[in-house]
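Fold and contact review
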Amino acid sequence: MAQAQASKFKNPVVNWIDSRLPIFTMLDHEYNHYPMPRNVNYLWAFGAIAGIMLVIMIATGLFLAMQYSSHTSLAFDSVERIMRDVNYGWLMRYVHANGASMFFIAVYIHMFRGLYYGSYKAPREILWILGVIIFLVMMGTAFMGYVLPWGQMSFWGATVITNLFSAFPIVGDPIVTLLWGGFSVDNPTLNRFFALHFLLPFVLLGLVILHTAALHVCGSNNPLGIDAKGPQDTVPFNPYVTIKDGFAVVIFLIIYAIFVFFMPNYMGHPDNYIPANPLVTPAHIVPEWYFLPFYAMLRAIPDKLGGVLAMFGSIALLAFLPWLDRSKVRSCKFRPVYRQFFWILAIDALVLGYAGAMPAEGAWLIIARIGTFYYFFHFLVLLPVLGKLERPRPLPTSIAESVLKGGGGIAAGAHAKPMEKA
Amino acid sequence: MAQTTHPPGTGGHAASGGEGSSRRDFLYLATGAVGVVGVASVAWPFIDSLNPAADTLALASIDVDLAPVAEGQAITVTWRGKPVFVRHRTAEEIESAKKVNLGDLRDPVADDARVKKPEWLIVIGICTHLGCVPLGQKVTDPRGDYGGWFCPCHGSHYDTAGRIRKGPAPANLVLPTYAFTGDTKIRLG
Amino acid sequence: MRALKTAILSAALALGIAGAAQAAEGVHIPKQDWPHSGIFGTIDKASAQRGFQIYKEVCSACHSMRLVPIRTLAGIGYNEEELKAIAASYEVQAGPNDQGEMFMRPGLASDRFPSPFPNDQAARVANNGALPPDLSLMAKARVGGEDYVYAFLTGFEEAPADVHLMPGMNYNKVFPGHQVGMPNILQPDGVTFADGTKATVEQQAHDVATFLTFAAEPHLDARKQMGVKVVLFLIVLAGLMYAVKRKLWSTLH
């Protein structure tokens, strides 16, 4: 069929392109008319916020990379040159450094939103697993980025984290040597970390596109956790959700700007303003805050391999969530028992984070152990068991009814039917 | 960014009519305008970061002591990453530069206009053709048909005032901005 | 809206963790109210100039400041002539010359502050085995920042009876481990300030801390000024967007 496809766009240029490569039809379909459940709350904006953060990180990162030198003898000084001499270099670097933290804040809220409203359940399993992979790649990217300024925390963080792999029997030490490209963290390590830190954000971008594609197949979840049944349940993405997400993005940017301009080093560590010294380890090695809960799990297990497995396992576990949770009801709104445990998990994550920042001894070690135990207990025992035992509250019949009548649809008993137990 | 909105009311303006709709349109316009201003001002720091940094600018002017350069000798100094030719001209070289008929030149400039002190000729040592560095600084170098410099890349000949005399180059060797800060001291830049 | 509150709360808690990470170490450093603290705070230039004088006359005998170009001092109010004079008062190694030898020349404003010792080993030999740290980033490289610098400089005292000082060490109440190679260097009237300020130890420590804050963060003033504008702009934009959002969604029912 050697004939151009028909296109509905009036602009002749757009029409010409679109009838040959239907990108405008696709964008129109996915971002203009994409039906969004009309009852989504502001927590649904954190996906868009995370997306904006990725763009900000890639943009500032690109311009920083133009000024940075990835050699151990130059890295620290080149970062200081960016801070002192490059026009607006200080702005770029503070936006990038604090941006990592803000990116993680956005992603963590996004993840907990998914947990609370059961966004990982069928048919959104692949969407969720892609999210877990994005999270893993993000952690790798952030870790390698933190090494680049080549301060004390950069160096010792790199040493400690790469040494994690030495816990594996037989293959461990060769893997670590391979990662380092030498017999300690040194120039080859810094160079390859820079190369990977530049590459991975584009991998992330690709994963985010897949994540969005998977989302658009089955549509967004919503606070009620029931499927949208027709146009009365949804609004077109543009302008309704565009403006709502846009507003949330700007509020988020205000908090971000307060960090960048008024407390830019708050989330960093002073030791990273001391050039890397392979002969002196700082008194307290603390990873960036967003790794602290996992760091606490690593230290909570008294066995080296066990700690490493617990840390990696805690993330790998998330990928199996769609099958660990046996309940057919998505939203915690209708799961009175599980909802309590959700909040315990949220507090557990914060406590683990705090314990990860404290010296691994005495009470903090015990707290970290209890926290680690609960984390695994929650996902491996509570979730499967609760799905069988819990009797969920009745679900509303439709989103529109719930929105228009108010009160979350619970009062509308005549229309609501109790969810069958799985 | 998500600032651009497509209000449903823009098309059916007259239909919905009334004051409320125009006030709404104004709100949309104002928001869009503020958003555009924001995005535009974000672009500047990115662009400006590519301009020369403070350490580069600090080296934009340098001092050179000419006292050690004997008559007939030349030195090359690096200024803003480019070679600057400083030649202590002999009386004959000055004479030959002065007596040239300006009408014969491709880029006619009098010798007086190319020097601040006749014995010191100071030019940027980059051929105006395609950016090579001409030969002629060392006594062993070929100096071309006119006793100045000769560019080996494409055969441009410059005279003892750094003016183009023969070959593909379109213009004379460029003069740097400089000033004498003493009898034999100059500041470039 | 409740969900939004939850989100903000969780973010705040997450940030609390970041704070905890810093609180976890070191002795208590009293917080001070600096002229450069707060949203509108700017570097006290007179104080920073006095601090530079102390650095030049006292600290720089042992401590380098290798990342700071002399021209940076323009940010605390020195004009071009003064900068040239300051730079010329230093000898800087240059070369090699035509004989292939390194030589000393008067400093230029574009030079960085020359270091007192050619390398770390020489610094250790001259300082009883201790390495005086570089001061370029000192105000950012210690927990407590400039408060730590002040507390450290004013923190020298007689060692308590139960502390056994190692030979050549001095007691400082805020230094980690309390034993430090650096002696109590600031003396009352140890320097004479051109502006007539009385050179008490506290005044000197305050001025040095201000100067080191500036040296570590030369764009501090510009950063805060830009921050005020950016945040105000974003608040206006947020207000407008919220109004548009309300208008749009109100047409839905």
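Residues numbered from 1 in each chain as written. Chains lettered and ligands numbered in written order. Predicted model: local features only at pLDDT ≥ 70, side-chain atom pairs only at ≥ 80, totals over all residues. Heavy atoms only, no water.

On to the overall build of chain C, then. Regarding its fold elements, chain C presents seven helices and four strands. Helices and strands in chain C line up, N terminus first, as α-α-α-β-β-α-α-β-β-α-α. Within chain C, contacts between residues separated by at least 24 positions form 60% of all contacts whose residues are at least 6 apart in sequence. With an accessible surface of roughly 12800 Å², chain C has 59% of that area assigned to carbon and sulfur atoms. (Helix = DSSP H or I, 4+ residues; strand = E, 2+ residues; numbered from the N terminus. Contact = heavy atoms within 4.5 Å. Areas by Shrake-Rupley, 256 points an atom, 1.4 Å probe, with all protein chains shown as cover.)

Quick look at the UniProt feature "domain: Cytochrome b/b6 C-terminal region profile" (unreviewed entry) in chain A now. Following the UniProt record, the feature "domain: Cytochrome b/b6 C-terminal region profile" (unreviewed entry) maps to residues 227–397 of chain A here. For residues 227–397 of chain A, the end-to-end C-alpha separation is 10 Å, with 61% helix and 2% strand making up the annotated structure. (UniProt positions renumbered as here; feature names shortened; annotations may be inferred.)

We now examine the interface of chain C and chain A. Note: interface size is frequently given as the accessible area lost on complex formation between the parts. Between chain C and chain A, the residue contacts involve 54 residues of the former and 58 residues of the latter. Buried area between chain C and chain A, both sides added, is near 5100 Å², and the carbon and sulfur share of it is 75%. At the surface where chain C touches chain A, the tally comes to two salt bridges. Taking the shortest distance from any N to any O, the salt bridge between A:Asp77 and C:Arg66 comes out at 2.9 Å. Our count for the chain C to chain A interface comes out at nine residue pairs in polar contact (both at pLDDT 80 or more). Listing elements by their share of the side of chain C that touches chain A, those giving two or more residues are α1 (2–23), α6 (201–216) and α7 (220–250) of chain C. No other element matches the 18 residues that α7(C) contributes to the side of chain C that touches chain A. (Buried area = accessible area lost by both parts, 1.4 Å probe. Salt bridge = Lys/Arg side-chain N within 4 Å of Asp/Glu carboxyl O. Polar contact = N/O pair within 3.5 Å; in protein donor to acceptor, adjacent residues only side chain to side chain.)

Looking now at the packing of aromatic side chains. All names here are of chain A. Counted by the stated rule, this structure contains 48 aromatic pairs over all chains. Note on Phe104 and Phe135: the rings are 6.5 Å apart at their centroids and 75 degrees apart in plane angle, and the pair reads as edge-to-face. Residue Phe104 is found in helix α5 (residues 89–116), and its partner Phe135 is found in helix α6 (residues 125–147); the two are separated by 31 residues along the sequence. The pair Phe104 / Phe135 is uniform in exposure class, with both members buried. Between Phe342 and Trp343, the ring centres sit 5.2 Å apart and the planes meet at 80 degrees, which makes this aromatic pair edge-to-face. (Phe/Tyr/Trp six-rings, centres within 6.5 Å; stacked < 30°, edge-to-face > 60°. Buried < 20%, exposed > 50% of the residue type's maximum accessible area, 1.4 Å probe, protein only.)

Bringing a nonpolar patch on the surface into the picture now. On the surface, a nonpolar cluster with roughly 630 Å² of combined accessible area is contributed by A:Leu62, A:Met66, A:Phe198, A:Phe202, A:Leu205, A:Ile209 and B:Leu50. In terms of residue count, the dominant contributor to the nonpolar patch is helix α9 (residues 187–218) of chain A (four residues). Judged by its relative accessible area of 35%, A:Phe198 is partly exposed. (Patch = residues over 30% accessible without salt bridge, like charges linked within 9 Å, V, L, I, M, F, W, Y side chains within 5 Å.)

Bringing the confidence of the model for chain A into the picture now. Looking at chain A, the pLDDT average stands at 91 and 95% of residues meet or exceed 70. Under a pLDDT of 50 for its full length, residues 407–422 of chain A has, in the predicted model, 28 contacts with residues more than four places off or in other chains. (pLDDT = per-residue confidence, 0-100.)

So, on to the nonpolar core. By size, the foremost hydrophobic cluster in this structure holds 194 residues, and its most contacted members are A:Phe104, A:Phe379 and C:Phe52. Beyond its immediate stretch of four places on either side in the chain, A:Phe104 contacts A:Phe135, A:Met138, A:Met139, A:Ala142, A:Trp289, A:Tyr290 and A:Phe291. Counting 13 residues, the second-largest nonpolar core is a separate cluster that includes B:Val64, B:Val77, B:Trp120 and B:Ile186. (Core = buried A, V, L, I, M, F, W, Y, C linked by side-chain atoms within 4.5 Å.)

Let us now look at the side chain of C:Arg71. Here C:Arg71 is to be found in the loop between α2 (45–57) and α3 (80–88). Assessed through its relative accessible area of 18%, C:Arg71 is described here as buried. What C:Arg71 contacts, discounting residues up to four positions off in sequence, is A:Asp85, B:Ala54, B:Asp55, B:Ala58, C:Leu83, C:Ala109 and C:Ser110.

Residue and element names in this part refer to chain C. By the element assignment, Leu83 lies in helix α3. The class for Leu83 is buried, based on a relative accessible area of 6%. Residues Leu83 and Leu186 lie 103 residues apart in sequence; the distance between their C-alpha atoms is 26 Å. Setting aside residues no more than four positions away along its own chain, Leu83 makes contact with Ile70, Arg71, Leu73, Ala74, Tyr78 and Ala109.

It is worth spelling out the pattern of salt bridges at this point. Across all of its chains, the model carries 27 salt bridges over all chains by this definition. We note a salt bridge from B:Lys117 to B:Asp183, for which the minimum N-O separation is 3.7 Å. Placement of B:Lys117 in the loop between α4 (91–98) and β4 (120–124) and of B:Asp183 in the loop between β8 (178–182) and β9 (185–188) is noted, with a sequence separation of 66 residues between them. On the basis of relative accessibility, which here comes to 23%, the residue B:Lys117 falls in the partly exposed class. Across the salt bridge formed by C:Arg105 and C:Asp111, the nearest N and O atoms sit 3.0 Å from each other. C:Arg105 gets classed as partly exposed once you look at its relative accessible area, which sits at 22%.

A word on the UniProt feature "domain: Cytochrome b/b6 N-terminal region profile" (unreviewed entry) in chain A. The UniProt record marks residues 13–224 of chain A with the feature "domain: Cytochrome b/b6 N-terminal region profile" (unreviewed entry), using the residue numbering of this structure. Spanning residues 13–224 of chain A, this segment combines 72% helix with 1% strand, and its end C-alpha atoms are found 43 Å apart.

All names here are of chain A. Look at α6 against helix α7 (residues 152–163): their axes get within 7 Å of each other, and the N-to-C directions meet at 135 degrees. As summarised for this structure, α6 and α7 are arranged oblique, according to the angle between their axes. For the pair α6 and α7, the contacting residues are Phe143, Tyr146 and Val147 in the first and Met153, Ser154, Gly157, Ala158 and Ile161 in the second. Of the residues that constitute the contact of α6 with α7, the class distribution is six nonpolar, two polar and no charged. (Axes fitted to C-alpha atoms, helices over the stretch in contact; angles between N-to-C directions. Parallel < 35°, antiparallel > 145°, perpendicular 65-115°, else oblique. Nonpolar A, V, L, I, M, F, W, Y, C, P; charged D, E, K, R; others polar.)

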